[in-house]
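Examination of the molecular architecture
The chain contents come next:
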Amino acid sequence: MLLFIALLLHVFSGFASSSYSEEPSMCSMLTYTGAYNGHKYFISNFYYINAQQALDVCSSCGMYLVEVNDKFEYNFVVNVSKSYKIYDLLLSGSDAIKQKTWVFPNNAPVIFFEWGSGDPSNGGGEDYLAISNRNGYKMHDMRDPPTTICRFLCERATNPDDPLDLVK
């Protein structure tokens, strides 16, 4: 029993940490949601604190925050969001450096948008890309840290040489 309590304390202590690179247990807090076009997707089982935390968790698990590149991938991500009944889902993409210039963390331009009505609103601090069920699962710009209950989706390319990719 003490071992179980110690394990729970260790896992949940990561939520208050600003760096997750030394928290391999974070990967166990992601759930496989499916594959699309040679990539696998994993949803967070927890609400994130800020965008950097989501980026760090994905990175520490050998993935990256989902980068929506076309309408088909967008539809896949919307279906994940609907099936998990997610209010807001953080996507990769920000215009924090230069307003109205959306880039991924590697500075590549975001090339696909499916904005909701009135978005991007560019309200104070709304610099991160997300989809929301409140606007018909369209994209919107949101604050960081979020003011709503929000989860995130990690993505990685499949690797036919990786035995783990044979599992799902």
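Above this text sits the structure in question.
First, a word on what this report is: a plain description of the structure on this page. (Residues numbered from 1 in each chain as written. Predicted model: local features only at pLDDT ≥ 70, side-chain atom pairs only at ≥ 80, totals over all residues. Heavy atoms only, no water.)

Some details on the overall build of the protein
Looking only at helices and strands, one finds three helices and seven strands in the protein. Looking at the protein as a whole, 42% of its 168 residues are labelled buried. In the protein, once contacts between residues fewer than 6 apart in sequence are set aside, the share between residues at least 24 apart is 63%. By element, 59% of the accessible surface of the protein is carried by carbon and sulfur atoms, the whole surface being about 8,900 Å². (Helix = DSSP H or I, 4+ residues; strand = E, 2+ residues; numbered from the N terminus. Buried < 20%, exposed > 50% of the residue type's maximum accessible area, 1.4 Å probe, protein only. Contact = heavy atoms within 4.5 Å. Areas by Shrake-Rupley, 256 points an atom, 1.4 Å probe, with all protein chains shown as cover.)

Re the state of the cysteines
A complete count under the given rule lists two disulfides for this structure. Across a sulfur-sulfur distance of 2.1 Å, C27 and C61 are joined as a disulfide pair. On the sign convention where negative is left-handed, the bridge of C27 and C61, at about -110° about the S-S bond, is left-handed. Taken together, the positions of C27 in the loop between α1 (2-13) and β1 (30-36) and C61 in the loop between α2 (51-60) and β3 (64-65) put the pair 34 residues apart, joining distant regions of the chain. Taking relative accessible area as the criterion, C27 reaches 31% and is therefore assigned partly exposed. The disulfide that involves C58 links it to C154, with 2.0 Å between the sulfurs. One disulfide, between C58 and C154, carries an S-S torsion of -85° and so falls in the left-handed class. Taken together, the residues C58 in helix α2 and C154 in strand β7 (residues 150-157) connect sequence positions 96 residues apart. (Disulfide = S-S within 2.5 Å.)

Considering α2
Within α2 the residues assigned to the buried category are A51, Q53, A54, V57 and C58. Looking straight down α2, one finds its buried side chains confined to an arc of 160°; they lie on one side. In the core, the buried residues of α2 are packed alongside β1, β3, β4 (88-94), β5 (126-132) and β7. If you check the start of α2, you find a side-chain oxygen 3.2 Å away from the backbone N of Q52, and it comes from N50. (Arc of directions from axis to C-beta. Polar contact = N/O pair within 3.5 Å; in protein donor to acceptor, adjacent residues only side chain to side chain.)

Section: the pattern of salt bridges
With the rule as written, the count across this model stands at three salt bridges. D88 is the partner of R134 in a salt bridge, and the nearest nitrogen-oxygen pair spans 3.1 Å. Of this pair, R134 sits in the loop between β5 and β6 (138-143) while D88 sits in strand β4; the two residues are 46 residues apart in sequence, bridging distant segments of the chain. Residue K138 is joined to E114 by a salt bridge in which the shortest nitrogen-to-oxygen separation is 3.1 Å. Highlighted residues: K138 in strand β6 and E114 in the loop between β4 and β5, separated in sequence by 24 residues. Bridged by salt links that share partners, the residues K71, E114 and K138 form one connected network. (Salt bridge = Lys/Arg side-chain N within 4 Å of Asp/Glu carboxyl O.)

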